[in-house]
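Notes for the structure review
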Amino acid sequence: MEKLIITAAICGAEVLKEHNPAVPYTVEECAREAKSAYDAGASIIHLHVRNDDGQPTQDKNRFKQVMDAIRAVCPDVIIQPSTGGAVGMTNDERLQPTELLPEMATLDCGTLNFGGDEIFENTENTIKYFGQKMIERGIKPELEVFDKSMIEMALRLHKKGYIAAPMHFDFVMGVNGGIGSDIRDFVFLRGSIPADATYTVAGVGRYEFPLAALAIIDGGHVRVGFEDNVYLSKGVPAKSNGELVEKVVRMAKEFGREVATPDEARRILGLKK
């Protein structure tokens with residue numbers, strides 16, 4: 001079994017300091033949280049960026065500031081920018097961080113009802129466009145899937161040449177409008193990807209650590225962080241992203257699974273630094 005890759009989603013685009021005061025907004029806060037996660041054992045930093053007031057942005061210059069600050073304190077960490085953006089953004093607005101040529105970036109594989117009137121729109125043409133741009137720029141996509149149908153979309157577009165193999169999926173589970181977080185749901189997604197694909201599980205809220213345990217046992221990989229969950233345990237806010245990563249490292253040790261360094265993660269995922 002390969003070593004465990006831990007991704008830390010340090011801030012997201014929705015969670016606020018009102019939810020947990022340690023949620024980072026500023027460049028300095030993002031670097032602090034990335035380092036806390038890296039020091040604890042994370043090899044990938046999944047990155048959204050904010051303006052200093054907490055407003056999410058896809059501005060390329062803001063991404064560069066934050067990425068440079070993270071690399072200054074974690075020189076070998078893998079930085080994985082999000083291309084999710086915000087409702088109403090154009091494709092090219094969302095793709096701005098890929099102009100910085102990161103090793104990885106996210107590629108959302110379908111449209112989702114986030115709740116109320118919010119629709120996270122990813123048409124087939126959008127997904128094709130993002131896939132083409134990532135191939136052109138030498139970026140490995142992490143295929144964000146919120147339901148089984150999104151896996152089918154990724155497989156179909158792979159056959160058409162828009163997504164390269166071997167594929168790496170992120171099962172985002174427990175989001176409103178997407179698949180649930182039961183063992184049954186995990187098994188369904190896990191059994192739907194190609195044999196040569198790798199995957200990470202991101203459980204939202206109270207499902208974060210139960211799903212992490214399943215992934216560790218199965219040989220998959222794990223994402224934790226303030227984007228998905230701000231609590232270390234029920235009613236106990238995490239003091240940092242590092243605390244969430246530390247808990248996964250303890251779980252991995254209990255199950256006899258070693259944790260991957262960034263360079264080991266690169267080998268497992270087929271990345272080139």
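That block above? That's the structure.
The text that follows walks through the structure, step by step, so that each part is easy to find. Note that the structure is predicted; figures quoted are calculated from it, not measured. (Residues numbered from 1 in each chain as written. Predicted model: local features only at pLDDT ≥ 70, side-chain atom pairs only at ≥ 80, totals over all residues. Heavy atoms only, no water.)

For the rest of this paragraph, the subject is the pairing of strand E9 (residues 140-145). With 6 of its 6 residues buried, E9 lies for the most part within the structure. Of the two faces of E9, both are covered, the one formed by Lys140, Glu142 and Glu144 as well as the one formed by Pro141, Leu143 and Val145. In this structure, strand E6 (residues 104-108) lies alongside E9, joined through 5 bridges in parallel fashion. Residue Met104 lies in a different strand from E9, and its bridge partner there is Lys140. Taken together, the 4 bridges between E9 and strand E10 (residues 168-173) define a ladder with parallel strand orientation. If you follow Glu144 over to E10, its bridge partner there is Asp170. Crossover handedness for the path E9 to helix H5 (residues 148-159) to E10: right-handed. (Buried < 20%, exposed > 50% of the residue type's maximum accessible area, 1.4 Å probe, protein only. Helix = DSSP H or I, 4+ residues; strand = E, 2+ residues; numbered from the N terminus. Pairing = 2+ DSSP bridges. Right-handed = clockwise from strand over helix to strand, strands pointing away.)

This next bit is on the pairing of strand E12 (residues 221-224). Across the two faces of E12 the burial is the same, with His221 and Arg223 and Val222 and Val224 all buried. Taken together, the 3 bridges between strand E1 (residues 6-9) and E12 define a ladder with parallel strand orientation. Paired with Ala8 across the two strands is Val224, which belongs to E12. Across 3 bridges, the pairing between strand E11 (residues 198-203) and E12 is parallel. Along E12, the bridge assignment pairs Thr200 with His221. Crossover E11 to E12 through helix H7 (residues 208-218) is right-handed.

What follows is about the pattern of salt bridges. By the definition in use, this model includes 21 salt bridges. Between Lys17 and Glu29 there is a salt bridge, and its shortest N-O distance comes to 3.3 Å. Taken together, the residues Lys17 in the loop between E1 and helix H1 (27-40) and Glu29 in helix H1 connect sequence positions 12 residues apart. Overall, the relative accessible area of 19% leaves Glu29 in the buried class. Residue Arg266 pairs with Asp263 through a salt bridge whose shortest N-O separation is 2.8 Å. Remark: Asp263 and Arg266 occur in helix H9 (residues 262-269); sequence separation between them is 3 residues, near one turn of the helix. Among the residues examined, Arg266 registers a relative accessible area of 4% and is labelled buried. Taken together, the shared-partner salt bridges connect Glu144, Asp170, Arg223, Glu227 and Asp228 into one network. (Salt bridge = Lys/Arg side-chain N within 4 Å of Asp/Glu carboxyl O.)

Structurally, Gln58 can be placed in the loop between strand E4 (56-57) and helix H2 (60-73). Polar side-chain contacts of Gln58 include one of 3.2 Å to the backbone oxygen of Ser82. (Polar contact = N/O pair within 3.5 Å; in protein donor to acceptor, adjacent residues only side chain to side chain.)

Here we take up the packing of aromatic side chains. Per the stated rule, a full pass over the model turns up 3 aromatic pairs. With a centroid separation of 5.1 Å and an interplanar angle of 15°, the aromatic rings of Phe171 and Tyr199 are classed as stacked. Taken together, the positions of Phe171 in strand E10 and Tyr199 in strand E11 put the pair 28 residues apart, joining distant regions of the chain. Side by side, Phe171 and Tyr199 carry an identical accessibility label, which is buried. In textbook terms, an aromatic cluster arises when at least three aromatic residues are bridged by ring pairs, as seen for Phe171, Phe186 and Tyr199. The ring of Tyr25 has Lys17 lying over it, and the distance from NZ or CZ to the ring centre is 4.8 Å. The ring centre of Phe209 lies 4.2 Å from the NZ or CZ of Lys247, which sits over that ring. (Phe/Tyr/Trp six-rings, centres within 6.5 Å; stacked < 30°, edge-to-face > 60°. Lys NZ or Arg CZ within 6 Å of the ring centre and 35° of its normal.)

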